Amino acid sequence: MRYNKVLEDIKIYEAGKPIELVVREFGIDAKDVVKLASNENPIGTSPAVEKAIISNANKAHLYPDDSMFELKDALASRFEVKEENIIIGAGSDQVLEFISRAVLHDKASVLMSAVTFAMYEIYAKQMGAKIYRTASYEHKFDEFMEAYRMYKPEIIYLCTPNNPTGDATSKEAVLEIITAVDKDTLVVVDGAYMEYASAKDAKYAITPNDLLGFENVIYLGTFSKAYGLGGMRVGYGIGQQEFISELYKMRPPFNISTLSLAAAIAACKDDDFVAESIALHQEEIQRYETFAKENGFSYIDSYTNFITYLLEDNMDSTKIADALLKRGVIIRNLASYGMNALRITIGTKAQNDVFFKHFSEVIV
Ligand SMILES: *Cc1c(COP(=O)(O)O)cnc(C)c1O
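Values in this document were obtained by computation on a predicted structure and should not be read as measured data. (Residues numbered from 1 in each chain as written. Predicted model: local features only at pLDDT ≥ 70, side-chain atom pairs only at ≥ 80, totals over all residues. Heavy atoms only, no water.)

All right, on to helix α6 (residues 141–151) then. Residues of α6 that are buried: Phe144, Met145, Ala147 and Tyr148. Looking at the buried side of α6, the elements it contacts are β3 (109–112), β5 (155–159) and α7 (171–180). Immediately beyond the C-terminal end of α6, within one or two residues, lies Lys152, with a positive phi of roughly 45°. (Buried < 20%, exposed > 50% of the residue type's maximum accessible area, 1.4 Å probe, protein only. Helix = DSSP H or I, 4+ residues; strand = E, 2+ residues; numbered from the N terminus. Contact = heavy atoms within 4.5 Å.)

Per the stated rule, a full pass over the model turns up 21 salt bridges. In this structure, Glu97 and Arg101 form a salt bridge, with 3.6 Å as the shortest nitrogen-oxygen distance. Separated by four residues within a single helix, Glu97 and Arg101 lie in helix α4 (residues 92–103), roughly one turn from each other. With relative accessibility at 24%, the residue Glu97 sits in the partly exposed group. (Salt bridge = Lys/Arg side-chain N within 4 Å of Asp/Glu carboxyl O.)

For the rest of this paragraph, the subject is the nonpolar core. Counting 59 residues, the largest nonpolar core has Leu71, Leu75, Ile88, Phe223 and Tyr236 as its most contacted members. Mapped onto the domain boundaries, this core takes at least three residues apiece from domain 1 (5–45 + 272–362) and domain 2 (47–270). Every residue in contact with Phe223, bar those within four places of it in the chain, is listed here: Leu71, Leu75, Gly228, Leu229, Gly230, Val234, Tyr236, Ala264, Ala267 and Cys268. Grouped together as the second largest cluster of nonpolar side chains are 27 residues, Leu104, Ile122, Leu186 and Val188 included. (Core = buried A, V, L, I, M, F, W, Y, C linked by side-chain atoms within 4.5 Å. Domains from an automatic or database assignment.)

A few words on the sheet that holds strand β7 (residues 217–222). Strand order in the open sheet formed by seven strands is β2-β8-β7-β6-β5-β3-β4, and the pairing between neighbours is mixed. The strands lining the two open edges of the sheet, one partner per strand, are β2 (86–89) and β4 (130–133). Averaged over neighbouring strand pairs, the angle between their axes works out to 20° when direction is ignored. The sheet contact formed by strand β6 (residues 186–190) and β7 spans four bridges and is parallel. The partner of Val187 across the bridge, within β7, is Val217. Most of the contacts of helix α3 (residues 69–79) go to β2, to which it runs at about 125°, and overall it touches β2 and β8 (235–239). Relative to β2, helix α10 (residues 241–248) is tilted by about 30°, and along the sheet it contacts β2, β6, β7 and β8. (Pairing = 2+ DSSP bridges. Axes fitted to C-alpha atoms, helices over the stretch in contact; angles between N-to-C directions.)

Right, let's talk about the domain arrangement of the chain for a bit. Segmenting the chain into domains produces domain 1 (5–45 + 272–362) and domain 2 (47–270). Summarising the inter-unit geometry, the C-alpha centres of domain 1 and domain 2 are found 24 Å apart. Between domain 1 and domain 2, the contact holds 30 residues from the first and 36 residues from the second. Between domain 1 and domain 2 lies a buried interface of about 2,800 Å² when both sides are counted; carbon and sulfur atoms form 64% of it. Together, Thr45, Tyr303 and Tyr337 form the three largest contributors to the area buried by domain 1 at its contact with domain 2, with a combined 27%. Taken together, the links from domain 1 to domain 2 amount to two salt bridges. Inspection of the domain 1/domain 2 interface yields 13 residue pairs in polar contact (both at pLDDT 80 or more). (Buried area = accessible area lost by both parts, 1.4 Å probe. Polar contact = N/O pair within 3.5 Å; in protein donor to acceptor, adjacent residues only side chain to side chain.)

The next subject is the site of the ligand. The local shell around the ligand holds 13 residues, among which Asp190, Thr222, Ser224, Lys225 and Arg233 are the closest. Contact between the ligand and Asp190: a nitrogen atom at 2.6 Å from a side-chain N or O atom of the residue. For the ligand, an oxygen atom lies 2.6 Å from a polar atom in the side chain of Ser224. Compared with its free state, where it exposes 380 Å², the ligand has 94% of that area covered by protein. Taken together, the residues of the shell around the ligand sort by class into four nonpolar, five polar and four charged. (Near = heavy atom within 4 Å. Areas by Shrake-Rupley, 256 points an atom, 1.4 Å probe, with all protein chains shown as cover. Nonpolar A, V, L, I, M, F, W, Y, C, P; charged D, E, K, R; others polar.)

Now for the packing of aromatic side chains. The description of an aromatic ring pair uses the distance of the two centres, along with the angle that the planes make with each other. Throughout the structure, instances matching the rule amount to 20 aromatic pairs. Ring plane angle 40° and centroid distance 4.5 Å describe the contact between Tyr204 and Tyr303, whose orientation is recorded as tilted. With Tyr204 in the loop between α8 (194–200) and α9 (208–211) and Tyr303 in the loop between β9 (298–300) and β10 (306–310), the pair connects residues that are 99 residues apart, well separated along the chain. Both residues of the pair, Tyr204 and Tyr303, count as buried. Between Phe355 and Phe359, the ring centres sit 4.9 Å apart and the planes meet at 20°, which makes this aromatic pair stacked. Pair noted here: Phe355 and Phe359 are both in helix α14 (residues 349–363), with a separation of four residues, about one helical turn. Classification of Phe359 as buried rests on a relative accessible area of 0%. (Phe/Tyr/Trp six-rings, centres within 6.5 Å; stacked < 30°, edge-to-face > 60°.)

So, on to the pairing of β7. Regular strands show a simple pattern: their side chains alternate between the two faces of the sheet. Of all six residues in β7, six are buried; the element is thus mostly enclosed. Residues Val217, Tyr219 and Gly221 line one face of β7 and the alternating positions Ile218, Leu220 and Thr222 line the opposite face, and both faces are buried. Bridge count between β7 and β8: five bridges; the pairing is antiparallel. In the strand pairing of β8, Thr222 is matched with Gly235.

Now for the environment of Ala135. Mapped onto the secondary structure, Ala135 falls in the loop between β4 and α6. Among the residues examined, Ala135 registers a relative accessible area of 71% and is labelled exposed. Contact partners of Ala135, with chain neighbours within four places excluded, come to Ala114 and Glu143.

Each strand in a sheet pairs with another by means of backbone hydrogen bonds, the pair being arranged parallel or else antiparallel. One open sheet holds the four strands; their spatial order is β9-β10-β13-β12, and the pairing between them is antiparallel. Two strands in the sheet have a free side with no partner beyond their single neighbour: β9 and β12 (332–333). Two elements, β12 and strand β13 (residues 341–345), share two bridges in a ladder whose sense is antiparallel. Bridging from a neighbouring strand, Asn333 pairs with Leu342 of β13. Across the sheet, helix α12 (residues 271–294) is in contact with β9, β10 and β13; its angle to β10 comes to roughly 5°. Against the sheet, helix α13 (residues 317–326) touches β12 and β13, its axis set at about 35° to β13.

See below:
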């Protein structure tokens, strides 16, 4: 077989391990497995969403409304933008794919922070583009501008809050980078965890509307995290109409299922559920901070629904993650990102109790 050459340099994305795998490999009962690996909403899904999914079950034989009018309408009123500014993807991941295909080619390059969302690199490599990274995982103005001037990348990725580190970049700092680059470089602002950052500190709150004045900027959001719809695969991109129209050329028809559409529409209208999720999260994340302080290791101050524990040299993230897995606790080892660190999604109180119990035993 003659494959596309670009594949030689692509590593397959390693998703958080599913509960089913732990059940199969270690014979642990599914109900005893605690999954804190993929930044899903630990409370689950809003009852209004479940109702919407069930009441649409009898429409499974029909293609969905490909205009996605109702969802775009709900998002347009939430963010005070127009329907023409919005494109929907099967997760914001799919919008990232549309962007890469619309902008990149084998002479192009992209710029991102040292440690950030792995899919930026994978989509860029699929297009044969070159990858440049800054020295720090934080989004530092000077580092970005130096690399920008040197490489003139087609795309700059600003992930705020950043995954897998959990830190955020202020709105002021993001706007500083955006205004300093030329219009022929696209800036992607990935706000997958923005709901958590906005609730923690208004300085970090960025809305799509803040960026709509720039023709070369797109904001990405997702229903997978705070909205509790990871299994439904719905995300969105918001930008100026001209760029959004170009992205539509990359979109396959019916890219969101009927049930996913119904779920996202209901989720968009249920602010109480998101508020409740964030309130629980803010309470529980304090336990992770206290645990780290009491046990003498450091963590990155988090603006997301996960926390990143930084381990000293006398601890090995791979060993600890493997030991936890055998006990039915799934977390994310960051060794593949070049960090001796663990990323743990903040769970419910009961899930976090289980985590602390096993983690305490594993680290001694
Ligand atoms: C989770 C995540 C996404 C997208 O998730 P989807 O489920 O595809 O919407 C995008 N960016 C970051 C940084 C994420 O963590």
